[in-house]
Amino acid sequence: QVRLAESGGGLVQAGGSLRLSCAVSGLPFSSIGLAWFRQAPGKEREFVAAIAHYGGQSWYHDSVKGRFTISKDNGKNILYLHMNSLTPEDTAQYYCAKLSTYSESGNFGTTNVRYWGLGTQVTVSA
């Protein structure tokens, strides 16, 4: 059974940091691409960051470049999202995703996703 379980969300002040985790089971973790998406109230789900199963290649949405870092621990089957310099605009439900396809341009969308987690809420206060 495939399961992606996010954790680590919470309330943080602007300028603060959080680390999200996603425990993955039921999938060959070291050979799959993984990503983070987010969805704010009233907005569409948007791509945040992705990491390839090969060579550690990663992609980021322009709005988080230089602030967020995606990484994974193949030994623990955990995907991470390290978030620094958070702003109220980062407030959203964050979702872990298993990619079914890669985007050469890095312009990932929900059509690139095969499985979703249930999400974890991140709230950044001004």
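Details of the structure are given in the entry above.
Residues numbered from 1 in each chain as written. Predicted model: local features only at pLDDT ≥ 70, side-chain atom pairs only at ≥ 80, totals over all residues. Heavy atoms only, no water.

The next subject is the sheet that holds strand β7 (residues 68-73). Read across the sheet, four strands follow the order β1-β3-β8-β7 without closing on themselves; strand pairing throughout is antiparallel. Single-partner strands in this sheet number two, and they are β1 (3-7) and β7. Strand-to-strand twist of the sheet, defined as the mean angle between neighbouring strand axes without regard to direction, takes the value 15 degrees. Alignment of β7 against strand β8 (residues 78-83), held across six bridges, turns out to be antiparallel. Considered in β8, the bridge of Asp73 is made with Ile78. (Pairing = 2+ DSSP bridges. Helix = DSSP H or I, 4+ residues; strand = E, 2+ residues; numbered from the N terminus. Axes fitted to C-alpha atoms, helices over the stretch in contact; angles between N-to-C directions.)

Let us now look at the pattern of salt bridges. A side chain with one charge can pair with a side chain of the opposite charge if their charged atoms come near. One pass over the full model with this rule turns up four salt bridges. Salt-bridge contacts for Arg38 lead to Glu46; the nearest nitrogen and oxygen are separated by 2.6 Å. Judged by relative accessible area, which is 6%, Arg38 ranks as buried. With a closest N to O distance of 2.9 Å, Asp90 and Arg38 form a salt bridge. Residue Asp90 is located in the loop between β8 and β9 (92-99), and its partner Arg38 is located in strand β4 (residues 34-39); the two are separated by 52 residues in the primary sequence. In this structure Asp90 comes out as buried when scored by relative accessible area, which is 1%. A cluster of three or more residues bridged by salt bridges with shared partners is formed by Arg38, Glu46, Arg67 and Asp90. (Salt bridge = Lys/Arg side-chain N within 4 Å of Asp/Glu carboxyl O. Buried < 20%, exposed > 50% of the residue type's maximum accessible area, 1.4 Å probe, protein only.)

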